[in-house]
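For reference, the chains in residue letters:
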Amino acid sequence: MKNSQTIHISGAEAVIRCLLAEGADLVYGYPGGAIMPIYDEIYKFSDQLRHVLTRHEQGATHAAQGFARTSGKVGVAMATSGPGATNLVTGIADAQIDSTPMVCITGQVADHLLGSDAFQETDIIGISTPVTKWNYQITRAIEIPEIMAKAFYIARSGRPGPVLIDITKNAQFEMFDFAYEKCKGVRSYRPVPVLQTSQVEAAAAAINAAKKPMIVWGQGVILGEAEEEFKTFVESTGIPAVWTILGLSALPTAHPLNMGMVGMHGNYGPNLLTNECDVLIAIGMRFDDRVTGNLATYAKQAQVVHLEIDAAEISKNVHADFPVLGDCKASLAALTPLIQHKELTEWKAQFHAHMQTEIEAVIEKDTKPTKEGLTMGEAIVAINKHTGGDAVIVTDVGQHQMIACRYAEFVRSKSNVTSGGLGTMGFALPAAIGAKMGAQDRHVVAVIGDGGYQMTIQELGTIFQTGTAVKIVVLNNDYLGMVRQWQQLFFDKRYASTEMTNPDFVTIAKGYSIEAQRVTKREELDGAVAEMIASDKPYFLEVCVEKEDNVFPMIPTGASVSDIRLK
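Residues numbered from 1 in each chain as written. Predicted model: local features only at pLDDT ≥ 70, side-chain atom pairs only at ≥ 80, totals over all residues. Heavy atoms only, no water.

## As for unusual backbone geometry
Worth spelling out the cut-off: Comment: elements are numbered from the N terminus, with helices defined as DSSP H or I runs of at least four residues and strands as E runs of at least two.
For the bond running from Phe 552 to Pro 553, omega is 0 degrees, close enough to zero to count as cis. Turning to its location among the elements, Pro 553 is positioned in the segment after β20 (539–544). Look at Ala 299: it is not a glycine, yet its phi comes out positive at around 50 degrees. Along the polypeptide, Ala 299 turns up in the loop between α13 (289–292) and β13 (303–308). Of note in this structure, Leu 344 is not a glycine but carries a positive phi near 50 degrees. Locating Leu 344 in the fold gives a position in the loop between α14 (328–335) and α15 (345–367).

Structure, rendered in structure tokens:
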């Protein structure tokens, strides 16, 4: 006897009903033999579930990431077995290191063929284990409801991440009695640590005793939806705050206590003063090597307060004198009332003085150049002007990424979408598609280099088919620019395999019925960007920039943050 909530359906239909029950009504994917039963159900449920056919499975994962990053929901990607599944791995690895909630569903050969090297059989569970938060292979339809519920719970809870569910073809065909219940907990998995009052009080005492405190915040503020608590903490304490790339946009760019970016191509003052502060307050960041430089010399003079949800990150790279384990939304709310406001006038003046040095040595050259050729910085300034800082900026990986992060202006959170930890070239174009679908009321501008653009250029087909109004800006210097910069600085200008012979990007875009133009002169730039932003359709803009421009400041690999170079 079935209860009123139980229906007799196939495993394939159960997958779709699970997705809908979790609020996942948008899926990115690419069909194939081993997942065909699920795609047949997608067809039947097309009035409730939108499927976006990307042109490559990697594009599906990046689109799901972009959607997750702007919407705050779990992104979903699907692929068939074998090469379809392995093509997901780069995006899964990217999501894992950048803590992006994503559920990937792969088809698999029937269970009686497992281990026989059947057509398009690959051990995707073994392959994906190092780069997923959790994975599981389903071989019987009856497992589907529980495992799907667990997948979404694990993907979105605590420190988010990607989950992969592999479903054999026989499990997709099997009939069973289906009922669904959302997962509310998993035995032995504690996604949010219990906040310890003693840790908060100890951290507060250290901060109150500080003469030169500095906040470094990361993406944990955004993932924890703690932007308001963070802003209140910064303003009520008066402490200068600096950001990692993935933390960018959690606090408005123009906020008077926002002092800029740390890291390899970060701002001059924040990097130098890391080694002068007496208390470093790390919030939702993991002390990545691109932030710290040489760990042996990183902030050795400072006491470190670390607010973090993942216990594995505490003292992993940098010793935390005062760890505060918990969700930063709760941690900040508990910590803020205990902190005494300080003016810190002389300390903040040091940040401003270093910024003035950087303006004169670097920023004016990047954004107000006197030379004939266009710079990448000019393009970002033009985008700021015509979006008012309210666009979502999606960047690929390379020089353009660093320039965009340095000069893009933001007025609200969830506005900076980039590949941080993995540094995946080819990320931006498909991620921008997902980002636009997750933030349909906002301009989404993909800023991409000519190298990374060609790694996933086929996703122009996805834009063509869906009509997604992504604005694509390719900063074309005919080089793999970041590698070329290193070759110039550290390999005596031996430009080994970094010069690009590029196609006619404008013609290619027009072939996909995307409005397109090329800018080669300074006087053309402002009007072209204005036209692009004014369009309510997809738009491609190629900006031809100086071939051998470099990104500064720069901390050489393995050097101390104090060794930051302005030229």
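## Quick notes on the pairing of strand β2 (residues 26–29)
To keep it simple, the criterion reads: Each residue gets one of three labels from its accessible area relative to the maximum for its type: buried under 20%, exposed over 50%, partly exposed in between, using a 1.4 Å probe on protein chains only. Orient the strands so they point away from the viewer, and a crossover whose first-strand-to-second-strand path over the helix runs clockwise is right-handed. Only strands that DSSP links by at least two bridges are regarded as paired with each other.
By the alternation rule, side chains of β2 split into Leu 26 and Tyr 28 and Val 27 and Gly 29, which are all buried. Read from β2 through helix α2 (residues 36–44) to strand β3 (residues 50–53), the crossover connection turns out right-handed. Pairing analysis gives 2 bridges linking β2 to strand β4 (residues 75–79), with the strands arranged parallel. Within β4, the residue paired with Tyr 28 across the bridge is Ala 77.

## Here's the deal with the layout of surface pockets
We count it as follows: Here a cavity denotes grid points, spaced 1 Å and computed from the protein atoms alone, that fit a 1.4 Å probe unable to get out, and a pocket denotes an open set having protein on both sides within 12 Å along at least 5 of 7 lines; residues with an atom within 4 Å of a point are the lining. Grid points are joined across faces, edges and corners, and a volume is the space filled by probe spheres set on the points. Residues are sorted three ways: Asp, Glu, Lys and Arg are charged, Ala, Val, Leu, Ile, Met, Phe, Trp, Tyr, Cys and Pro are nonpolar, and all the rest, Gly among them, are polar.
One number sums up the size of the second largest pocket: a volume of about 660 Å³. Thr 253, Met 355, Ile 363, Arg 406 and Glu 409 are the residues nearest the centre of the second largest pocket, which is lined by 31 residues in total. Contributions of two or more residues to the lining of the second largest pocket are made by β11 (258–261), α12 (268–274), α15, α16 (376–387) and α17 (399–407). For the lining of the second largest pocket, the element with the most residues is α15, which contributes 7 residues. Within the lining of the second largest pocket, the residues separate by chemical class into 16 nonpolar, 11 polar and 4 charged.

## Focus: the sheet that holds β3
For clarity, the cut-off: Working convention: axes come from line fits to C-alpha atoms, limited for helices to the stretch in contact. Angles between N-to-C directions cover 0 to 180 degrees. Between two residues, a contact is recorded if the distance between any of their heavy atoms is within 4.5 Å.
The 6 strands lie next to each other as β3-β2-β4-β5-β7-β6, forming an open sheet whose pairing is parallel. Edge positions in the open sheet fall to β3 and β6 (134–138), since each of these has one partner strand only. Between one strand and the next, the sheet's axes are offset by a mean angle of 20 degrees, whatever the strand orientation. Bridge count for β6 against strand β7 (residues 162–168) is 5 bridges, and the pairing is parallel. Bridge pairing in β7 places Trp 134 opposite Val 163. In the packing of α2 onto the sheet, the strands contacted are β2, β3, β4, β5 (102–108) and β7, and the crossing angle to β4 comes to about 125 degrees.

## Some words on the sheet that holds strand β10 (residues 241–243)
Across the sheet, 6 strands lie side by side as β11-β10-β9-β12-β13-β14; this open sheet has parallel pairing. Both outer strands of the open sheet, β11 and β14 (322–325), are each paired with one neighbouring strand and no more. Adjacent strand axes in the sheet meet at a mean angle of 20 degrees when their direction is disregarded. α15 contacts β9 (213–217), β10 and β11 of the sheet and is inclined by roughly 45 degrees relative to β11.

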